[in-house]
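Residues per chain, in single letters:
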Amino acid sequence: VLLRERPGCLQEPHQETLKELQAFIGNTENVPEPADEPADDPPSKRAKLELSGTEAPSEEDAAEEKLTEEPSVCVVCLGILQELCGTTQAVKIAEKVKAEKYEFETLHSCWLHVKKELREKSMAVDKDDVVQAGVAVVARSLFEISVGFTHKETDADCHFLATTCADCFRPTKNKQSVFTRMAVVKALEKISDTKFLTHYACPPAKPTSSCSSQDVQCLHQCVFVAGRYNKFWRYNKYSRSLPQTPWVIDGERRMESSVEELIAESVLSSFRSEGFNFSSSGREDVDVRTLGTGRPFAMELLNPHRPNLSRAEMKLLQETINNSSDKIKVRDLQIVSREAMGKMKEGEEDKTKSYTALIWTLKPIQSEDIAFIDDIKDLTLDQKTPLRVLHRRALAVRPRVVHNMKTRFLDSHHFYLEMKTQAGTYIKEFVHGDFGRTKPNLCELLKTDTDILELDVESVDVDWPPSIPE
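Nothing here was measured: the structure is a model prediction, and the numbers come from that model.

Summarise the pattern of salt bridges; cite the residues concerned and give the values.
Two side chains with opposite charge may pair up if their charged atoms get near one another. Following the criterion strictly, the structure yields 14 salt bridges and no others. Ionic pairing is found between R388 and D285, a salt bridge with its closest N-O pair at 3.1 Å. With R388 in the loop between β12 (377–384) and β13 (397–411) and D285 in the loop between β7 (275–280) and β8 (289–302), the pair connects residues that are 103 residues apart, well separated along the chain. The partner of D285 in a salt bridge is K428, with the nearest N and O atoms 3.0 Å apart.

So, the packing of helix α10 (residues 259–271) against helix α11 (residues 311–324): which residues are in play, and what are the values?
At a minimum axis distance of 9 Å, the contact between α10 and α11 shows a crossing angle of 145°. Crossing geometry of α10 relative to α11 is assigned as right-handed. Mapping the contact onto sequence places L262, I263, S266, V267, S270 and F271 in α10 and M314, L317, T320, I321 and S324 in α11. Residue composition of the contact of α10 with α11, grouped by class: seven nonpolar, four polar and no charged.

Any chance you could break down a nonpolar patch on the surface for me, citing the residues and the numbers?
Residues L387, L390, L395 and F435 make up a contiguous nonpolar surface patch of roughly 470 Å² in combined accessible area. The exposure class assigned to F435 is exposed, which follows from its relative accessible area of 80%.

Mind laying out the side chain of S258, listing which residues take part and the relevant values?
As for its position among the elements, S258 is in the loop between β6 (252–253) and α10. Apart from residues no more than four positions distant in its own chain, S258 is found in contact with L242, P243, Q244, T245, P246 and R253.

Pulling in residues and values, what's your account of the nonpolar core?
One finds I359, M405, F415, L417 and L442 to be the most contacted residues of the largest nonpolar core, which totals 33 residues. The leading source of residues in this core is strand β16 (residues 450–460), at four residues. Those residues in contact with I359 that lie beyond four places of it in its chain are H413, H414, F415, L417, V431, L442, T450, D451 and I452. Core analysis: the next-biggest nonpolar cluster, separate from the first, contains 20 residues, A264, V267, F271 and M314 among them.

Could you give an account of the confidence of the model for the chain, with specific residues and numbers?
Confidence along the chain averages 79 in pLDDT terms, with 73% of residues attaining 70 or more. Segment residues 1–11: pLDDT under 50, and eight contacts once partners within four positions in sequence are set aside and those in other chains are kept. Contacts for the low-pLDDT stretch residues 229–234, under 50 throughout, to residues beyond four places or in other chains number 56 contacts.

Thresholds applied
- Every residue gets a number counted from 1 within its own chain, in the order that chain's sequence is written.
- Reporting of local features is limited, given that this is a predicted model, to residues whose pLDDT is at least 70; pairs of side-chain atoms are given and counted only at 80 or more, and all residues count toward the totals for whole chains, interfaces and linings.
- Each side-chain value is derived from all of the structure's non-hydrogen atoms; neither hydrogens nor water enter the calculation.
- Salt bridge, as used here, is a side-chain nitrogen of Lys or Arg placed within 4 Å of a carboxyl oxygen of Asp or Glu.
- Each helix corresponds to a stretch of at least 4 residues labelled H or I by DSSP, and each strand to a stretch of at least 2 residues labelled E; elements are numbered beginning at the N terminus.
- An axis is simply a line fitted to the C-alpha atoms; with a helix, the fit covers only the stretch in contact. Between two such axes, the angle follows the N-to-C directions and lies from 0 to 180 degrees.
- By definition, any crossing whose near helix is turned counterclockwise from its far helix by less than a right angle is left-handed, and any crossing with a clockwise turn is right-handed.
- Residue contacts are counted whenever heavy atoms from the two residues lie within 4.5 Å of one another.
- Throughout this entry, Asp, Glu, Lys and Arg are counted as charged residues, while Ala, Val, Leu, Ile, Met, Phe, Trp, Tyr, Cys and Pro are counted as nonpolar. The remaining residues, Gly among them, count as polar.
- The residues that make up patches have over 30% relative accessible area and no salt bridge, and they are joined within 9 Å when like-charged or within 5 Å when they are Val, Leu, Ile, Met, Phe, Trp or Tyr.
- Only the protein chains shown count as covering a residue, and every accessible area follows the Shrake-Rupley method with a 1.4 Å probe.
- For the exposure calls, accessible area comes from a 1.4 Å probe over protein chains only, and a residue counts as buried if that area is under 20% of its type's maximum, exposed if over 50%, partly exposed in between.
- In these notes, a set of buried Ala, Val, Leu, Ile, Met, Phe, Trp, Tyr and Cys residues joined through side-chain atoms within 4.5 Å is what counts as a nonpolar core.
- pLDDT gives the predictor's per-residue confidence on a scale running from 0 to 100.

Okay, here's the thing in structure tokens:
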């Protein structure tokens, strides 16, 4: 009443407004009881500040009392914001994070249940007077906490979307339900308001119970580690019996370890990661050594509990890897961004690689018999998919270039061949011809059967990643 009679009081200091309110209340206590009014007169418009003990409560007071006794469940959040956002839930989340020993700098807010999107739409669809209240929250963090909620009463809320927008809901191997938040949002953006109203009540039905909270799940986004010999994370493989990745044939493991596993063991331990994906700039056969500048590689670490290591800690990790085995060495180990990972694969077929091969010849040779090879430049090969990899690579003829070669005579049946080739060239097949599947080949050039006894990768000519000064 005071605000209606004195709109100017909104500009007054709050102390003055408080004094006027107190004075107003004090004056009403001294007002004498009004005389009985004739029955024909309209009811008094005076606001009654107190009800007498014998007077019955108004309808508004009765409704308010009923709400106090039986609080209703919100039709949108299904009780999450009413009952499950207090101290108890916060403590439960904090205990989960502490128990799993996550380290993080920022925290990402978690979404409400999937049905919230559906019920929000039903509250606003076909309404012209809806006002969007509040400010959109934009939060980005590498660490996320999600809390699951169940509400059996509304389990079937989203089911009609699977028939009206079937292309939005595709089963996936790692998802327990097709009704993910992203799928529901996509379907709600696609469905028309008219069709939506024919399948779903507007406003939605009032629930009789609140959601129940489920497990708290923590997830840190992936961390990427990479390196190179002199310029990023690379490895030098000195062994001729070590595959790059675990070697399993017909369900049986052939080698006890691999380059990937020797590196990953220490990295996973340091970052407390739950898994990894390994990638590299090309790969070599199990009997091929990688020397010289080595081969760039990188690892995607899944859900690391300790995502940040200092430069000194990364250097210590590198030493740990190098001391753990005499078969591999790494250097320039460091953390990189997801975007930087793509640079390792850029220009995959344009880069060059250098090799040294020990060659055997059936026919006895002299040094002058192989001298002409040194003069061959930019020799183009047509390489049909080798027989040894045909089980995992598509049948095709791939043109590859041998940029230059240099020979070193050893004896009448052996010489070294140094080569610089286009990435992706099958060196072994160029030497022995692979039953004519690679043309031209060294057998044709020397007019005798040849084979390769040893092969070393001397360098992978990639400028990424940058080196770390010692």
